[in-house]
Amino acid sequence: MKDFCILGSGIAGSAIANLLSKKYSVEIFDKARGPGGRASNRRYNDCLSFDHGLQYLSPVSNDFKKFIIDLKRKKILKEWSGQHLDLTFKRKKNLIKYIGSKGNNDICKYLIKNIKVNYNSAVTNIEFNSKYWTITLNNKDQVFFKYLILTCPFPQLKVLASKYIKKEISNLKVNMVPNITIIVAYKNYKKLDVSSIKFDDKIIAWAAQENTKNRFESNQTLWTIQCTNQYSKKIINLFKKNKKKYQVLILKKFEELTGYQTKNVVFQNIHGWKYAYTKADTKLDCNWSNKYRLGLCADWFKGPRVEDAWLSAHSLYKQIKKNPPIKYRRV
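Rules used throughout
- Residues numbered from 1 in each chain as written.
- Predicted model: local features only at pLDDT ≥ 70, side-chain atom pairs only at ≥ 80, totals over all residues.
- Heavy atoms only, no water.
- Helix = DSSP H or I, 4+ residues; strand = E, 2+ residues; numbered from the N terminus.
- Rg over C-alpha atoms; globule rule 2.2 N^0.38 Å.
- Buried < 20%, exposed > 50% of the residue type's maximum accessible area, 1.4 Å probe, protein only.
- Contact = heavy atoms within 4.5 Å.
- Areas by Shrake-Rupley, 256 points an atom, 1.4 Å probe, with all protein chains shown as cover.
- Lys, Arg positive; Asp, Glu negative; His and termini not counted.
- Charge placed at Lys NZ, Arg CZ, Asp CG, Glu CD.
- Salt bridge = Lys/Arg side-chain N within 4 Å of Asp/Glu carboxyl O.
- Polar contact = N/O pair within 3.5 Å; in protein donor to acceptor, adjacent residues only side chain to side chain.
- Phe/Tyr/Trp six-rings, centres within 6.5 Å; stacked < 30°, edge-to-face > 60°.
- Lys NZ or Arg CZ within 6 Å of the ring centre and 35° of its normal.
- Pairing = 2+ DSSP bridges.
- Axes fitted to C-alpha atoms, helices over the stretch in contact; angles between N-to-C directions.
- Disulfide = S-S within 2.5 Å.

*Asks:* Would you explain the overall build of the chain in this entry?
*Replies:* Counting its secondary structure elements, the chain contains 8 helices and 18 strands. Taken against the 2.2 N^0.38 rule, which gives 20 Å for 331 residues, the C-alpha radius of gyration of the chain at 21 Å falls within 12% of a compact globule. For the chain, the spread of C-alpha atoms along the principal axes amounts to about 65 × 45 × 35 Å. Within the span of the chain, comprising 331 residues, buried residues form 55% of the whole. In the chain, of all internal contacts separated by at least 6 residues, the share reaching a separation of at least 24 is 68%. When the accessible surface of the chain is split by element, carbon and sulfur atoms take 49% of a total near 17,100 Å². Placing the 62 positive and 25 negative side-chain charges of the chain at their respective mean positions leaves the two points 4 Å apart.

*Asks:* Sorry if this is basic, but what is going on with the pattern of salt bridges here?
*Replies:* Two side chains with opposite charge may pair up if their charged atoms get near one another. On inspection of all chains with the given rule, the structure shows 15 salt bridges. As a salt-bridge pair, Glu 27 and Lys 116 come within 3.6 Å of each other at their nearest N and O atoms. Here the residue Glu 27 occupies a position in strand β2 (residues 26-29), and Lys 116 occupies one in strand β8 (residues 116-118), the gap between them amounting to 89 residues. For Glu 27, a relative accessible area of 9% corresponds to the buried category. The exposure class assigned to Lys 116 is partly exposed, which follows from its relative accessible area of 47%.

*Asks:* Just to check I follow, could you spell out the environment of Thr 221 for this structure?
*Replies:* Within the element layout of this structure, Thr 221 appears in strand β15 (residues 221-227). Once you skip the residues sitting within four places of it in the chain, Thr 221 turns out to touch Val 184, Ala 185, Tyr 186, Tyr 189, Lys 190, Gln 209, Asn 211 and Tyr 260. Of note is the side chain of Thr 221, whose polar atom sits 3.0 Å from the backbone oxygen of Tyr 189.

*Asks:* What is the right way to look at unusual backbone geometry in this model?
*Replies:* Most peptide bonds adopt trans geometry, and most residues besides glycine take a negative phi value. The backbone phi angle of Asn 45 is positive, close to 55°, even though this residue is not glycine. By secondary structure assignment, the location of Asn 45 is in the loop between β3 (42-44) and β4 (48-50). Judged by its relative accessible area of 49%, Asn 45 falls in the partly exposed class.

*Asks:* Even after reading the chapter, I still don't get the packing of aromatic side chains, so can you show me in this structure?
*Replies:* Aromatic ring pairs are reported here in terms of the distance separating the ring centres and the angle at which the planes meet. Counted according to the given criterion, the structure contains 28 aromatic pairs. Between Phe 4 and Tyr 24 the ring centres are 5.4 Å apart and the planes differ by 65°, which places this aromatic pair in the edge-to-face class. Residue Phe 4 is found in strand β1 (residues 2-7), and its partner Tyr 24 is found in the loop between α1 (11-20) and β2; the two are separated by 20 residues along the sequence. Tyr 24 sits in the buried class, given a relative accessible area of 10%. Of the aromatic side chains, those joined through ring pairs into one cluster are Tyr 186, Tyr 189, Phe 199, Trp 223, Phe 254 and Tyr 260. One cation-aromatic arrangement involves Lys 97 over Tyr 56; the distance from NZ or CZ to the ring centre is 5.0 Å. Positioned above the aromatic ring of Trp 80, the side-chain terminus of Lys 213 is 4.9 Å from the ring centre.

*Asks:* Sorry if this is basic, but what is going on with the sheet that holds β15 here?
*Replies:* Whether parallel or antiparallel, the strands of a sheet pair through hydrogen bonds between backbone atoms. Across the sheet, 6 strands lie side by side as β6-β13-β14-β15-β12-β16; this open sheet has mixed pairing. Each edge of the open sheet carries a strand with a single partner, namely β6 (84-86) and β16 (265-278). In this sheet, adjacent strand axes meet at a mean angle of 15° when their direction is disregarded. Bridge count between strand β12 (residues 176-186) and β15: 6 bridges; the pairing is antiparallel. Within β15, the residue paired with Val 184 across the bridge is Trp 223. Lying on the sheet, helix α7 (residues 243-258) is in contact with β12, β14 (204-209), β15 and β16; it crosses β16 at an angle near 100°.

*Asks:* Teacher, can you tell me more about the state of the cysteines here?
*Replies:* Structurally, a disulfide amounts to a covalent bond that connects the sulfur atoms of two cysteines. In the structure shown here, the tally under the stated rule is 0 disulfides. No disulfide involves Cys 286; its sulfur sits 7.4 Å from the nearest other cysteine sulfur, which is in Cys 297.

*Asks:* Quick question: what am I supposed to make of the environment of Val 248 here?
*Replies:* Looking at where Val 248 falls in the secondary structure, it is placed in helix α7. On the accessibility criterion, Val 248 (42% relative accessible area) is partly exposed. It is 44 Å that separates the C-alpha atoms of Val 248 and Glu 168, two residues lying 80 residues apart in sequence.

None of the figures reported here should be taken as evidence of function without further support.
Below is the structure:
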């Protein structure tokens, strides 16, 4: 029986898995097709890709800055240069933007490169019997671990682990915001010297030109378009039943804002993150229960930034080190 089961291969899950794997046996389960969570990368025509969640990293804390600079030195990350236009004129600082050399899930791939990860493995139930956890998967298989780490969004955590989390956690005021993203490829347009645009619009908040990340050469122009909080909230529970309708509406708005005509679209897709991020700080960094051998870490503990997920994972690791897992003899 392995020591730690970790649910989620996003930044929080990958970071805590990497830290624990130096001393314990670790295995990850993720319902997605690949690593990254909100930092996932979507392939198109083999060599082309979109960062359809996390767009870039601009580290603030000293510890995370050191981590990012080290990954840049190792060529896992690089700087995203070019013009980043802010049409809202509300930009506070012109921070350096870091992106993955091949995709923004490069950080997660790097952290879990030596760890077993089970993709397409949604967890439907968890049970603790005082000695170990029984994890039930969507294919009805069951796996067994001594300890469990959850990195899922807060609403999903409350459903999955309701029997095991304290009221201090379940009563937290966490308001997770959805996000709707369109990924689109156009023909007959040259690469613009504009890396990203922040819009002052009711539907579209932000767009990134993927070609400017210099990961590929293509005659097609690829854009990732992210909607405003207000519009995402409006359609998050509707778009799956009529994807074409909302793709057309959003791309027509993008045409109005930029001139990129929908008649030149050669590929398009829409994705919704129902629990993309939270804007508030819970004043907690993470949570560790000796009684249930259960750890919780995620960005929603600390705020909206992906950096918050990494910091939460490191805080949890410190808690675990203070209360080291007991080594049980095999029977």
